[in-house]
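# Report on the structure
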2 protein chains.
Amino acid sequence: MSSPADPGKTAFSSGEYAERLHNVRKAMHQRGVDTLVLTDPSNIYYLSGYEAWSFYVPQYLVVRQSDLIWFGREMDRFGASIVTWLRDDQLLAYPDDYVQNDGKHPAQLLAQQLKDRGWDRGPLGLELGNYYLTVNAFQLIECALPNATLVDCSLLVNWIRLVKSEAELRYMREAARIVEGAMRVAVEGVRAGVRQSSLAGDIYQALVGGTQEFGGQYASSPPFMPSGDRVATPHLSWTDAPYLPSTQTNFELVAARHRYHVPLSRSVFLGAPSKELKSLESAAIDGVAAALEAVRPGARAGDVEAAWQKAARRHGVRKNARCGYSIGIAYPPTFGEQTASLRPGDMTELAPGMTFHLMPGLWQEGSSIVITEPFVVTDSGAELLCRFDRRLFVND
Amino acid sequence: MSSPADPGKTAFSSGEYAERLHNVRKAMHQRGVDTLVLTDPSNIYYLSGYEAWSFYVPQYLVVRQSDLIWFGREMDRFGASIVTWLRDDQLLAYPDDYVQNDGKHPAQLLAQQLKDRGWDRGPLGLELGNYYLTVNAFQLIECALPNATLVDCSLLVNWIRLVKSEAELRYMREAARIVEGAMRVAVEGVRAGVRQSSLAGDIYQALVGGTQEFGGQYASSPPFMPSGDRVATPHLSWTDAPYLPSTQTNFELVAARHRYHVPLSRSVFLGAPSKELKSLESAAIDGVAAALEAVRPGARAGDVEAAWQKAARRHGVRKNARCGYSIGIAYPPTFGEQTASLRPGDMTELAPGMTFHLMPGLWQEGSSIVITEPFVVTDSGAELLCRFDRRLFVND
């Protein structure tokens, strides 16, 4: 009942799903958790292959040492039967009048399912830090299961996702090809007079339309592409204004293949960049090189940040935010894995197969630059996922 | 301290923001809530104009009868100063080491801010049903504010958003132009042999690139465009497979202007549709017409569904899910307002300015069809937001 059958339809082999599940069950055992209820769509996908934009309604993957059950909305069950490796009797559903209907919540039915199976006793793990388990749902579960001890298992599965297999890396390399193509569209297309939203449309086409060989998916974030006075802040959207001469645009793009995300960022200046900006460019380039140099198995995540910081400081630059984070499977609203960060004090030991976005975006009064590199930790150092000139781009 | 200054930079007039705030404060007073802490990005945008993809980290809008404070991430504060009408002293921020860092959570700093101001006593409203208030954050707030009585204010602001102003309707009409254009791209582009992901890229370009007059934004959902055996389920993504002869594709598209969303759905068949499908088409068309006929001020949301159901039944068709929902401002992961639904028992009284997506998607063993209409309730009935042939499209 617990092992993946040979799938054919899923993105990974049955052996790979079995290993993932084995690792999660081992971690559950170590934490003393009998039943784990997952709500993070990335973790549900990682274990079951369930891939759909249905996480805006409650859905759960229940993991036990010898059971695995998907519990979602009735209209999504057929989708689950198409894309997951689970058998039909592992796919349970709740009726549609439990969707956004006052007084009825799917968590009540989940609790009943757990009770019916006798799984409501002992330690029950929930992802209390995840977007897709609301406080309301949690309170209903807590109230309905007085015999369970609720345990926070946030990020338990995320940490297991940290090291990627060859099959996972293959998808990330494909996503890297797509994001390179989209970045070419961005760098070529940003010209004085072009409407920002029109270029955004072209970038989306490249991110989703993909390459000749394969297409992209919706990513867990839109392209970030602030321009003009907006480059001083990272998360604002494009507008309908035209790009103006003597201004800068920061492109932070991200492409997805089989939900594996690869981001890439570059800045483009229209006209002649200032001395300050050229100096920031040097700092960014030296910092990235130094950070990549520090990547090797056994090094700590924090060491990579320290190497970056040291190189950047020689240029008089400091950055107060982390300069990178683990990447892989993602669903909105974020593409970080929310585990290891390249920041002071992060003691995560780097190991082959880990993937990071080295993202030392620099925002300094009046100036900013983004030059980033997604990379894989290898046996001996860092393998770049993208090949894209590491510099400030300048258009006439 | 509480009234919007003249904005210039925001999407609405200062008078409109003042009225929104007034209505929310009235509702707070009626509920006996002294302090309301909002986390739903749509509600934060509605009141402050804050528009950024930063909701993947905690951010809060604190509303009191005579105060209004935005509390977000340090690197987003400058963005808030650009796009909101709030003064600088209303924009508070937490440092970056509180982002996804074990043991540090912005909710702790929020609680401290409330305490420092003496706002930690009495009834404190929180959106317990929203994605962007995690259980962890809630527990930290609960623990840090023993003198507060926490009250669930989920959807309090959403309900106030139900009736749209003329300024809001203007943006929705613009979004309607964009989604029509994208649907034309879809209906024209779906041809046997075309790769699904390539068409998805073209559709994105139309949704974001917009029209000659104005561009689009990222929407709160991707285009849904299942094809072949996937049309039996609504939320799966496109693939890299080509469209095949004698198969159907269901396009559910959504466009956004200033975060106001307008969705539109149509089905396209490649080849000669079966008699069953033609019959389903008739049911859908008659059902939509009957539902629109039932729309008028004073009617109940449930009445519209009943009219739809009655017409569809004459064709032997039943639908178990709701056939529509309120639309307006949205952020991922959903574009419904989560308030009024066109479904049995929904007693919401229709009033001029309400906007709905009439979405009677039909999934019936082997067959499905989506023909939908976004509409505005007017003084005398329903005004269609889109002009798009209401039929099953058929391509060679």
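### Here's the deal with the overall build of chain A
- On a plain count of helices and strands, chain A comes out with 10 helices and 16 strands.
- In chain A, which comprises 396 residues, the proportion classed as buried is 64%.
- The long-range fraction of contacts in chain A, counting pairs at least 24 apart against all pairs at least 6 apart in sequence, stands at 68%.
- A total accessible area of about 13,700 Å² is found for chain A, and carbon and sulfur atoms account for 49% of it.
- Positive and negative side-chain charges in chain A, numbering 39 and 44 respectively, have mean positions lying 3 Å apart.

### As for the confidence of the model for chain A
- Averaged over every residue, the pLDDT of chain A is 94; the share at 70 or more is 97%.
- Prediction confidence for the complex, expressed as pTM and ipTM, is 0.96 and 0.96 respectively.

### Focus: the relation of the copies chain A and chain B
- If you rotate chain A by 180° and push it 0.0 Å along the axis, it lands on chain B with an RMSD of 0.0 Å. Seen this way, the second copy is the image of the first under a two-fold rotation axis.
- Mapped onto chain B, 100% of the interface residues of chain A again fall at the interface, so both copies present the same surface.

### A word on the packing of aromatic side chains
- The final tally for this structure, using the stated rule, is 41 aromatic pairs over all chains.
- Ring geometry for Y17(B) versus W85(B): centroids 6.3 Å apart, planes at 45°, classification tilted. Of the two residues, Y17(B) is situated in helix α1 (residues 14-31) and W85(B) in the loop between α3 (74-83) and β4 (91-94); the sequence distance between them amounts to 68 residues. A single burial state applies to Y17(B) and to W85(B), both of which are buried.
- The cationic tip of R20(A) hangs over the ring face of F12(A); the distance from NZ or CZ to the ring centre is 4.2 Å.
- If you follow R20(A) out to its NZ or CZ, it ends over the ring of Y17(A), 5.4 Å from the centre.

### Some words on the packing of helix α4 (residues 106-116) of chain B against helix α5 (residues 135-144) of chain B
Residue and element names in this part refer to chain B.
- Between α4 and α5, whose axes approach to 9 Å, the crossing angle comes to 35°. The interaxial crossing formed by α4 with α5 has right-handed handedness. The segment α4 lies against α5, with A107, Q108, L110, A111 and K115 engaging A137, L140, I141 and A144.
- Residues that form the contact of α4 with α5 fall into these classes: seven nonpolar, one polar and one charged.

### Quick notes on the pairing of strand β8 (residues 260-270) of chain B
Residue and element names in this part refer to chain B.
- Most of β8 sits inside the fold, with 11 of its 11 residues counted as buried.
- Burial along β8 is two-sided: Y260, V262, L264, R266, V268 and L270 facing one way and H261, P263, S265, S267 and F269 facing the other are all buried.
- With antiparallel pairing between neighbouring strands as the criterion, strand β7 (residues 248-257) and β8 make up a hairpin whose turn holds two residues, including H258 at a positive phi of roughly 50°.
- Across three bridges, β8 lies against strand β16 (residues 393-395) in parallel orientation. Across the sheet, residue V268 finds its bridge partner in β16, namely F393.

### Brief notes about the pattern of salt bridges
- Scanning all chains against the criterion turns up 42 salt bridges over all chains.
- Of the charged contacts, one joins D89(A) and R87(A) as a salt bridge, the two residues approaching to 2.9 Å between their closest N and O atoms.
- Since its relative accessible area comes to 44%, D89(A) is described here as partly exposed.
- Under the relative-accessibility criterion, R87(A) is labelled partly exposed at 36%.
- Taken together, the shared-partner salt bridges in this structure form one network comprising R170(A), E174(A), R257(A) and D240(B).

### Regarding the interface of chain A and chain B
- Taken together, the contact pairs 73 residues of chain A with 73 residues of chain B.
- Both faces combined, the contact of chain A with chain B buries some 5,800 Å², and carbon together with sulfur accounts for 55% of it.
- Three residues stand out in chain A for area buried against chain B, namely W53(A), Q100(A) and H235(A), and they jointly supply 12% of the buried area on that side.
- On inspection of chain A and its partner chain B, the count reaches two salt bridges.
- Notably, a salt bridge pairs R257(A) with D240(B), separated by 2.7 Å at the nearest N-O pair.
- At the junction of chain A and chain B, the tally comes to 35 residue pairs in polar contact (both at pLDDT 80 or more).
- For the side of chain A that touches chain B, the secondary-structure elements that each account for two or more residues are α3 (74-83), α5 (135-144), α8 (196-209) and β10 (334-341) of chain A.
- Examining the composition of the side of chain A that touches chain B, we find that nine residues originate from one element, α8(A), more than from any other.
- Split into classes, the residues belonging to the side of chain A that touches chain B amount to 29 nonpolar, 29 polar and 15 charged.

### Quick notes on the sheet that holds strand β1 (residues 35-38) of chain A
All names here are of chain A.
- If you walk across this open sheet you meet the six strands as β4-β3-β2-β1-β5-β6, and the pairing is mixed. The two strands at the open ends of the sheet, each matched to only one other strand, are β4 (91-94) and β6 (148-152). The average angle at which neighbouring strand axes cross in this sheet is 25°, direction not considered.
- Where strand β3 (residues 67-73) lies against β4, four bridges are found, and the strand directions are parallel. In the strand pairing of β4, R73 is matched with Y94.
- Sheet strands in contact with helix α4 (residues 106-116) are β1, β2 (60-64), β3, β4 and β5 (122-126), and its direction is about 20° off that of β2.
- In the packing of α5 onto the sheet, the strands contacted are β2, β5 and β6, and the crossing angle to β5 comes to about 170°.

### Here's the deal with the sheet that holds strand β1 (residues 35-38) of chain B
Residue and element names in this part refer to chain B.
- Within the open sheet, the six strands sit side by side as β4-β3-β2-β1-β5-β6. Their pairing is mixed. Looking at which strands have only one partner, the edges of the open sheet turn out to be β4 and β6 (148-152). Adjacent strand axes in the sheet meet at a mean angle of 25° when their direction is disregarded.
- Strand direction decides the pairing type here: β1 and strand β5 (residues 122-126), joined by three bridges, are parallel. In the strand pairing of β5, V37 is matched with L126.
- Contacts from helix α2 (residues 41-48) reach β1, β2 (60-64) and β3 (67-73) within the one sheet, and its direction differs from that of β2 by about 55°.

### Details of helix α10 (residues 301-313) of chain B
- Under the 1.5 Å per step criterion, the end-to-end length of α10(B) is 19 Å for 13 residues, consistent within 8% with the ideal 18 Å.
- Of all the residues in α10(B), the buried ones are A301(B), G302(B), V304(B), E305(B), A307(B), W308(B), Q309(B), A311(B) and A312(B).

### A look at α3(B)
- Here α3(B) has its buried residues at D76(B), G79(B), A80(B), S81(B), I82(B) and V83(B).
- Buried positions along α3(B) lie against β3 and β4 of chain B.

### Overview of the environment of G336(A)
All names here are of chain A.
- Relative to the helices and strands, G336 resides in strand β10.
- By relative accessible area, G336 is classed as buried at 13%.
- Between the C-alpha atom of G336 and that of S220, which follows or precedes it by 116 residues, the distance is 9.3 Å.

### Describing the state of the cysteines
Residue and element names in this part refer to chain A.
- This model, assessed by the stated rule, comprises zero disulfides over all chains.
- Cysteine C323 shares no disulfide, and the gap to the nearest cysteine sulfur, in C386, comes to 17 Å.
- Given a relative accessible area of 0%, C323 falls into the buried group.

### Side note on the packing of α8(A) against helix α8 (residues 196-209) of chain B
- Packing of α8(A) against α8(B) leaves a shortest axis separation of 7 Å and a crossing angle of 165°. One finds that α8(A) runs roughly antiparallel with respect to α8(B). Seen along the crossing, α8(A) lies across α8(B) with a hand that is right-handed. For the pair formed by α8(A) and α8(B), the contact residues are S197(A), S198(A), A200(A), G201(A), D202(A), Y204(A), Q205(A), V208(A) and G209(A) on the first element and S197(B), S198(B), A200(B), G201(B), D202(B), Y204(B), Q205(B), V208(B) and G209(B) on the second.

### Quick look at the side chain of S368(B)
Residue and element names in this part refer to chain B.
- Tracing the backbone through its elements, the reader meets S368 in strand β13 (residues 367-369).
- S368 sits in the buried class, given a relative accessible area of 0%.
- With residues up to four places along the chain from it excluded, the contact list for S368 reads V231, Q248, N250, L277, L280, L362 and W363.

Analysis parameters
- Residues numbered from 1 in each chain as written.
- Chains lettered and ligands numbered in written order.
- Predicted model: local features only at pLDDT ≥ 70, side-chain atom pairs only at ≥ 80, totals over all residues.
- Heavy atoms only, no water.
- Helix = DSSP H or I, 4+ residues; strand = E, 2+ residues; numbered from the N terminus.
- Buried < 20%, exposed > 50% of the residue type's maximum accessible area, 1.4 Å probe, protein only.
- Contact = heavy atoms within 4.5 Å.
- Areas by Shrake-Rupley, 256 points an atom, 1.4 Å probe, with all protein chains shown as cover.
- Lys, Arg positive; Asp, Glu negative; His and termini not counted.
- Charge placed at Lys NZ, Arg CZ, Asp CG, Glu CD.
- pLDDT = per-residue confidence, 0-100.
- Least-squares fit on C-alpha atoms with pLDDT ≥ 70 in both.
- Phe/Tyr/Trp six-rings, centres within 6.5 Å; stacked < 30°, edge-to-face > 60°.
- Lys NZ or Arg CZ within 6 Å of the ring centre and 35° of its normal.
- Axes fitted to C-alpha atoms, helices over the stretch in contact; angles between N-to-C directions.
- Left-handed = near helix turned anticlockwise from the far one by under 90°.
- Nonpolar A, V, L, I, M, F, W, Y, C, P; charged D, E, K, R; others polar.
- Pairing = 2+ DSSP bridges.
- Salt bridge = Lys/Arg side-chain N within 4 Å of Asp/Glu carboxyl O.
- Buried area = accessible area lost by both parts, 1.4 Å probe.
- Polar contact = N/O pair within 3.5 Å; in protein donor to acceptor, adjacent residues only side chain to side chain.
- Expected span 1.5 Å × (residues − 1).
- Disulfide = S-S within 2.5 Å.
- Parallel < 35°, antiparallel > 145°, perpendicular 65-115°, else oblique.

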